[in-house]
Amino acid sequence: MFRSILAATRSSLVISSGALVSLAISTSALSQASSQFVFQPGSAPFASSHASTLVELSDGSLLAAWFAGTDEGKPDVAIWSARRVNGAWTTPVELAREANVPCWNPVLFHTRDQRLWLYYKFGSSPETWTSARKFSDDEGKTWSTAEHLPAGLIGPARAKPLVLADGTIVSGSSVESYLSWAAWIERSTDDGKTWTKIGPLVPPRGSGDSKQTFGIIQPSVVQIGGRHLRFYARSTSSIAKVVVADSYDEGATWTSPHPLDVPNPNSGIDAVVLKDGRVALVYNNTTSGRTPLNVAVSKDGEHFKMFLTLEDQPGEYSYPAMIQDSKGDLDITYTWQRRAIRFVHIALAKIPR
């Protein structure tokens with residue numbers, strides 16, 4: 001048994017991976033949400049799974065990917081994927097693997113030419129990552145061979161990049177090194193052939209403990225309006241809040257990052273600007289641990305109202321990925337107890353204003 005999609009009331013139920021279940025939330029502005037496992041815990045050929053990514057395909061189906069294996073950082077960890085067609089997820093299949101070294105943090109997205117890209121990292125730890133990528137011209141049915149990227153180019157560190165109307169890719173990147181984390185923007189105007197790196201982007205340190213790791217990573221970049229972009233980033237425990245920075249020239253230059261009044265327990269987040277201009281954020285609404293997992297909305301991108309709790313039981317519910325699909329609804333995947341990937345669908349009309 002497990003508990004899911006909680007607001008003021010709780011519902012306890014068992015859900016099969018092929019069945020999409022609607023859950024009533026009696027006292028919330030959100031009256032209905034839908035949730036299912038991408039694969040049932042214990043049903044896949046790997047023990048541990050984490051760090052999902054999600055993309056909508058041209059036929060309206062969804063493709064998810066994540067890294068999985070014996071455990072995070074073990075040499076057998078590869079990139080796996082599954083497709084959601086007619087409300088059901090297909091059996092997971094292996095998408096990428098590197099010899100004798102773990103894979104990390106896949107990211108799926110389309111460039112303007114509708115080529116589907118998979119970026120991922122490999123190496124013994126985040127401090128030693130090399131990045132790789134593959135592409136598909138048939139919406140993920142077949143893939144190119146993996147291309148290993150030059151040292152120093154990470155690509156999207158975890159969250160999906162922003163692809164502007166003119167095709168410019170604005171990718172939220174980051175580097176983790178000893179006692180120091182920093183966000184970067186990697187920007188390409190030629191579909192990823194060449195890149196410009198902007199940064200480092202780090203909030204002022206102040207008078208904190210110099211022996212404690214400090215900084216931000218894994219930015220999620222959104223377009224607030226016109227040439228105004230913003231990123232939302234994960235922070236270390238010494239900051240313990242979601243951190244943002246702004247660009248007013250489509251990502252070429254950025255303001256100094258600053259924390260919002262939104263907690264962050266050193267865990268991944270994701271953000272989406274809805275078609276009506278509101279900003280949705282999926283995050284852990286705590287400064288410690290990786291439960292609960294929540295969804296919030298903002299009219300100005302700065303002040304957020306939490307309106308939905310996806311999980312609040314003991315354990316880990318983390319590293320969410322979120323998109324707004326072609327119908328305008330929110331689709332979310334996230335890590336469920338490191339044992340599975342879970343999917344949630346939220347109708348746009350049910351997001352409170």
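Reading the values: the criteria
- Residues numbered from 1 in each chain as written.
- Predicted model: local features only at pLDDT ≥ 70, side-chain atom pairs only at ≥ 80, totals over all residues.
- Heavy atoms only, no water.
- Helix = DSSP H or I, 4+ residues; strand = E, 2+ residues; numbered from the N terminus.
- Rg over C-alpha atoms; globule rule 2.2 N^0.38 Å.
- Buried < 20%, exposed > 50% of the residue type's maximum accessible area, 1.4 Å probe, protein only.
- Contact = heavy atoms within 4.5 Å.
- Areas by Shrake-Rupley, 256 points an atom, 1.4 Å probe, with all protein chains shown as cover.
- pLDDT = per-residue confidence, 0-100.
- Pairing = 2+ DSSP bridges.
- Polar contact = N/O pair within 3.5 Å; in protein donor to acceptor, adjacent residues only side chain to side chain.
- Axes fitted to C-alpha atoms, helices over the stretch in contact; angles between N-to-C directions.
- Phe/Tyr/Trp six-rings, centres within 6.5 Å; stacked < 30°, edge-to-face > 60°.
- Lys NZ or Arg CZ within 6 Å of the ring centre and 35° of its normal.

Along its length, the protein chain carries zero helices and 28 strands. Here the C-alpha radius of gyration of the protein chain, 19 Å, is about what a compact globule of 353 residues would show, namely 20 Å. Going through the 353 residues of the protein chain one by one, you find that 59% of them count as buried. In the protein chain, of all internal contacts separated by at least 6 residues, the share reaching a separation of at least 24 is 45%. Accessible surface, the protein chain as shown: approximately 13800 Å² in total, 50% of it carbon and sulfur.

Confidence along the protein chain averages 91 in pLDDT terms, with 90% of residues attaining 70 or more. Here residues 1-32 is a poorly scored stretch, pLDDT under 50, and it has 93 contacts once near neighbours within four places are set aside; other chains count.

The two faces of the sheet receive side chains in turn, since in a regular strand these alternate between them. Within strand E28 (residues 340-346), seven of the seven residues are buried, which leaves the element mostly enclosed by the surrounding structure. Side chains of E28 alternate between two faces, with Ala340, Arg342, Val344 and Ile346 and Ile341, Phe343 and His345 buried alike. Direction of pairing for strand E27 (residues 330-336) relative to E28: antiparallel, over a ladder of seven bridges. By the bridge assignment, Trp336 is partnered in E28 with Ala340. Hairpin geometry of E27 and E28 is characterised by an intervening segment of three residues between the two adjacent antiparallel strands and by a positive phi of about 60 degrees at Gln337.

With that settled, consider the sheet that holds strand E10 (residues 103-110). The antiparallel open sheet is built from four strands, whose spatial order is E10-E11-E12-E13. Among the strands making up the open sheet, the edge pair consists of E10 and strand E13 (147-148).

Our next topic: the environment of Ser136. Positionally, Ser136 belongs in strand E12 (residues 130-136). Separated by 215 residues in the primary sequence, Ser136 and Ile351 place their C-alpha atoms 33 Å from one another. Sequence-distant contacts of Ser136, that is, excluding residues within four places in its chain, are made with Arg115, Leu116, Lys141, Thr142 and Trp143. Here the side chain of Ser136 touches Thr142 through a polar contact of 2.7 Å, landing on its backbone oxygen.

So, about the sheet that holds strand E21 (residues 258-263). In spatial order, the strands read E18-E19-E20-E21; together these four strands make up an open sheet with antiparallel pairing. The strands lining the two open edges of the sheet, one partner per strand, are strand E18 (216-225) and E21. Pairs of neighbouring strands in the sheet enclose a mean axial angle of 30 degrees, with direction left out of account. By the bridge criterion, seven bridges tie E18 to strand E19 (residues 228-235) in an arrangement that is antiparallel. If you follow Val221 over to E19, its bridge partner there is Phe231.

Here we come to the packing of aromatic side chains. Each aromatic ring pair is described using two quantities: the centre-to-centre distance and the angle formed by the ring planes. With the rule as written, the count across this model stands at 14 aromatic pairs. Ring centres of Phe37 and Trp336 lie 5.0 Å apart, and the angle between their planes is 85 degrees; on these two criteria the pair is classed as edge-to-face. Taken together, the positions of Phe37 in strand E4 (residues 32-37) and Trp336 in strand E27 put the pair 299 residues apart, joining distant regions of the chain. Phe37 gets classed as buried once you look at its relative accessible area, which sits at 1%. According to the relative accessible area criterion, Trp336 is buried, its value standing at 7%. An aromatic cluster is defined as three or more aromatic residues linked by ring pairs; in this entry it consists of Phe39, Phe46, Trp66 and Trp80. Between the NZ or CZ atom of Arg158 and the centre of the ring of Tyr319, over which it lies, the distance is 4.9 Å.

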